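Residues per chain are reported as follows:
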Amino acid sequence: MKIIARYRHPEVAKLPPLPKQNSPTLPRSAGRSQKGLISLYWDLENCAIPRQQLPFDIVQRIRSRFVTPDLREVGFNCYCDAKSISNENRISLSHANVNIVDVPDRKPGGVDRKILLDLDRFERTHNPPATVILISGDIDFVIEQSSVTHVNK
């Protein structure tokens, strides 16, 4: 007994296979346009969120200034003890797609060490051209900034 469904899809005609082409294999990066990378780091311990301003608006202004069609954003991280920022600011940063890196270390320089580790990891994993934006009021990053600038010239 053959069952015929009223709403059954019609059979699809089988198409002949496409002819094989002898084309050289291209490197993985060959069909894509090469863009530079940008990663943003915000030291909230030394450069706090200004009062009466939403972090979301600040982040969008930073992105509009530095992230261009030629620079693809890899990440935007802010570093602090998460208990030190208000819940409203935490939500605003989350809505701006910013990673909050919680550094609960009470020792002086804990946030700076974490930022330096992440900068080092970025430098080792991403080839030039790459751009790093560091928002901080701390002088501890001068040596690292100088070494990264001169290595890639």
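See the structure shown above.
Everything numeric in this text was worked out from a predicted model, so none of it was measured.

Before going further, it helps to examine the overall build of the chain. When helices and strands are counted, the chain shows four helices and four strands. Helices and strands in the chain line up, N terminus first, as β-α-β-α-β-α-β-α. Every one of the 153 residues in the chain was classed for burial, and the buried ones make up 28%. Taking contacts inside the chain between residues at least 6 apart in sequence as the whole, the part at least 24 apart equals 69%.

Once that is clear, we can look at the layout of surface pockets. Space inside the second largest pocket adds up to approximately 320 Å³. As for the second largest pocket, its lining consists of 19 residues, and the residues nearest its centre are Leu44, Ala48, Ile49, Ser84 and Ile85.

The backbone of Gln52 shows a phi angle near 65 degrees, a positive value even though the residue is not glycine. You can see Gln52 is positioned in the loop between β1 (36–43) and α1 (55–66).

Here the focus is the packing of aromatic side chains. Going through the model one piece at a time under the given rule, you end up with one aromatic pair. Taking 6.2 Å as the distance between ring centres and 20 degrees as the angle between the ring planes, the aromatic pair formed by Tyr41 and Tyr79 counts as stacked. Taken together, the positions of Tyr41 in strand β1 and Tyr79 in strand β2 (residues 71–80) put the pair 38 residues apart, joining distant regions of the chain. Each member of the pair, Tyr41 as well as Tyr79, is classed as buried. Of note, Arg65 hangs over the ring of Phe66, and the distance from its end group to the ring centre comes to 5.5 Å.

Ranked by size, the top nonpolar core spans 18 residues in total, and within it Trp42, Leu44, Val59, Phe76, Leu93 and Val98 carry the most contacts. Broken down by secondary-structure element, the contributors of at least two residues to this core are β1, α1, β2 and β4 (130–135). Top contributing element to this core by residue count: β2, with four residues. Formed by nine residues, the second largest nonpolar core is a distinct cluster that contains Leu37, Tyr41, Val101 and Val111.

Under the 1.5 Å per step criterion, the end-to-end length of helix α3 (residues 110–125) is 23 Å for 16 residues, consistent within 8% with the ideal 22 Å. Considered for burial, the residues of α3 that qualify are Gly110, Val111, Asp112, Ile115, Asp118, Leu119 and Phe122.

Attention now goes to helix α2 (residues 87–95). One turn of an α-helix holds 3.6 residues; hence residues three or four places apart share an orientation. When α2 is considered as a whole, its buried residues turn out to be Asn89, Ser92 and Leu93. Buried residues of α2 fall within an arc of 100 degrees about the axis and therefore sit on the same side. Those residues of α2 that are buried are in contact with β1, α1, β2 and β3 (99–102). Positive backbone phi, approximately 60 degrees, marks Asn97, located one or two places after α2.

Thresholds applied
- Residues numbered from 1 in each chain as written.
- Predicted model: local features only at pLDDT ≥ 70, side-chain atom pairs only at ≥ 80, totals over all residues.
- Heavy atoms only, no water.
- Helix = DSSP H or I, 4+ residues; strand = E, 2+ residues; numbered from the N terminus.
- Buried < 20%, exposed > 50% of the residue type's maximum accessible area, 1.4 Å probe, protein only.
- Contact = heavy atoms within 4.5 Å.
- 1 Å grid on protein atoms, 1.4 Å probe; cavity = no way out; pocket = protein on both sides within 12 Å on 5 of 7 lines; lining within 4 Å.
- Points joined across faces, edges and corners; volume = space filled by probe spheres on them.
- Phe/Tyr/Trp six-rings, centres within 6.5 Å; stacked < 30°, edge-to-face > 60°.
- Lys NZ or Arg CZ within 6 Å of the ring centre and 35° of its normal.
- Core = buried A, V, L, I, M, F, W, Y, C linked by side-chain atoms within 4.5 Å.
- Expected span 1.5 Å × (residues − 1).
- Arc of directions from axis to C-beta.

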